Amino acid sequence: MSKHCVRCNIDIVDDAVKCPLCDGVLADMEDDSDETPGVDQMSKSITYPDVSVSVRMIQFVIRAAIFAAIVAEVVVLVVNYFTFNGVYWSLIVGIGLLYGVITLLYSVRKRKSMQRIILVQLLLSILLVVALDVILGYKGWSVGYAIPIALMAVDVSVVVFMIVGINDWQTYIMTEITAFVLSVILIVLHLTNLVDTSFFALIAFLVTGFILLGTILFGQNMISNEIKRRFHI
């Protein structure tokens, strides 16, 4: 038995309890294959596709993002506690994570390009934490902890989005490449003694590198075509 929304004049074929368009109450509709003579075909109800799977995936992504943000904040709080140098930088990271979750919710609701949102927010957050670190007297927490943790969080989030199929999964390769390049920059800065990083920089390099390598190996032609399209090769 399907359900019907009188307001939108659509039939719902999944197990939804409210209309996916107007959130209105649905009425049970008996199966009626007989056509009523004289009824205008244009006035007939259209069938709305099964959206329950997609909705559940999106809800899973949102819950996973919130959980990941909470775990990340707990990690930075612990790191900040054991490496305290006079700055509660973990609170700044927490504000950034909260902003990221809010941005995610907005992007999903408005159906924005998730890949573009993630990439822009990543770059802006890096500039923000570095600027705050410099303003507060530069203790090195931005490069040593905040940025590596942000790179790992972004890459793990991208993997989740690719698995559940939010947007075209191959487009996330640009975010992965950006995260890996930034992690390489952190390693170079450390090796040249320009900045004093921590072991988090190495972990970020390994995590982003393996995720990028796995995406390339499993994506094969689709990833190759996406890279050619992006860089006009």
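Everything in this summary refers to the structure shown in the same document. (Residues numbered from 1 in each chain as written. Predicted model: local features only at pLDDT ≥ 70, side-chain atom pairs only at ≥ 80, totals over all residues. Heavy atoms only, no water.)

### Considering the overall build of the protein chain
The condition that has to hold: Secondary structure elements are defined from DSSP: runs of H or I of at least 4 residues count as helices, runs of E of at least 2 residues count as strands, and each element is numbered from the N terminus. The classification of residues rests on relative accessible area computed with a 1.4 Å probe and restricted to protein chains. Under 20% of the type maximum is buried, over 50% is exposed, and intermediate values are partly exposed. When checking whether two residues touch, look at their non-hydrogen atoms; a contact exists if any pair is within 4.5 Å.
Of regular secondary structure, the protein chain possesses 7 helices and 4 strands. The linear arrangement of helices and strands in the protein chain, starting from the amino end, is β-β-β-β-α-α-α-α-α-α-α. Counting over 233 residues, the protein chain shows a buried share of 37%. Contacts in the protein chain between residues at least 24 apart in sequence constitute 63% of all its contacts with a sequence separation of at least 6.

### Description of the nonpolar core
The criterion, for reference: Nonpolar cores are built from buried Ala, Val, Leu, Ile, Met, Phe, Trp, Tyr and Cys residues. Side-chain atoms within 4.5 Å join them into one set.
Membership of the largest hydrophobic core comes to 34 residues, with the highest contact counts inside it found for Trp89, Ile118, Trp141, Leu151, Phe161 and Tyr172. Every element with two or more residues in this core is listed here: helix 1 (52-82), helix 2 (89-110), helix 3 (114-135), helix 4 (141-164), helix 5 (173-191) and helix 6 (199-219). In terms of residues, this core owes the most to one element, helix 4, which gives 13 residues. Setting aside anything within four residues of it in sequence, one finds Ile118 in contact with Val154, Val158, Phe161, Tyr172 and Thr175. In this structure, Cys5, Ile10, Cys19 and Leu26 belong to the second largest nonpolar core, which totals 6 residues.

### Digging into the packing of aromatic side chains
Selection criterion: Between the rings of Phe, Tyr and Trp (Trp by its six-membered ring), a pair exists once the centres lie within 6.5 Å; its type follows the angle of the planes, with under 30 degrees stacked, over 60 edge-to-face, and the other angles tilted.
Counted by the stated rule, this structure contains 7 aromatic pairs. Ring geometry for Phe84 against Tyr88: centres 4.9 Å apart, planes inclined by 45°, an arrangement best described as tilted. Owing to a relative accessible area of 43%, Phe84 belongs among the partly exposed residues under this scheme. Judged by centre distance (5.4 Å) and plane angle (10°), the rings of Trp89 and Tyr145 are stacked. Residue Trp89 is found in helix 2, and its partner Tyr145 is found in helix 4; the two are separated by 56 residues along the sequence. According to the relative accessible area criterion, Trp89 is buried, its value standing at 1%. Residue class for Tyr145 comes out buried when judged on its relative accessible area of 16%. Aromatic ring contacts, followed pair by pair, group Trp89, Trp141, Tyr145, Phe199 and Phe200 into a single cluster.

### Topic: the packing of helix 4 against helix 5
How we decide: To define axes, lines are fitted to C-alpha atoms, for helices over the stretch in contact only, and angles between the resulting N-to-C directions are given on a 0 to 180 degree scale. Note on terminology: angles under 35 degrees are roughly parallel, angles over 145 are roughly antiparallel, angles of 65 to 115 are roughly perpendicular, and the others are oblique. Left-handed describes a crossing whose near helix is turned anticlockwise from the far helix through less than a right angle; right-handed describes the clockwise counterpart.
For the pair helix 4 and helix 5, the least separation of the axes is 10 Å and the interaxial angle reads 160°. Considered as vectors, helix 4 and helix 5 are oriented roughly antiparallel to each other. Like other packed secondary-structure pairs, helix 4 and helix 5 cross with a definite hand, here left-handed. For the pair formed by helix 4 and helix 5, the contact residues are Val143, Ile147, Pro148, Leu151, Val154, Asp155, Val158 and Met162 on the first element and Thr175, Glu176, Ala179, Leu182, Ser183 and Leu186 on the second.

### Regarding helix 4
Going by this rule: The span you would expect from a helix comes to 1.5 Å times its residue count less one. A residue's bend is given by the angle between axes fitted to the 7 residues ending at it and the 7 residues starting at it.
Spanning 24 residues, helix 4 covers 33 Å between terminal C-alpha atoms, matching the ideal 34 Å at 1.5 Å per step. Roughly 25° is the biggest bend found in helix 4, and it falls at Ile147, with proline Pro148 one to four residues downstream. Helix 4 sits mainly inside the fold: 17 of its 24 residues count as buried.

### Comments concerning helix 6
Within an α-helix, residues lying three or four positions from one another point in the same direction, as the helix has 3.6 residues per turn. Spelled out, the test is: As used here, the arc is the angular range of directions from the helix axis to the C-beta atoms.
Here helix 6 is 21 residues long and its end C-alpha atoms lie 30 Å apart, about the 30 Å a rise of 1.5 Å per residue gives. Taken residue by residue, helix 6 has Phe200, Ala201, Ala204, Thr208, Gly209, Ile211, Leu212, Thr215 and Gly219 as its buried positions. Taken around the axis of helix 6, the buried residues stretch over an arc of 165°, which confines them to a single face. Away from its buried face by more than 90 degrees, helix 6 exposes Phe199, Phe210, Leu217 and Phe218. Gln220 occupies a position one or two residues after helix 6 and carries a positive phi of about 50°.

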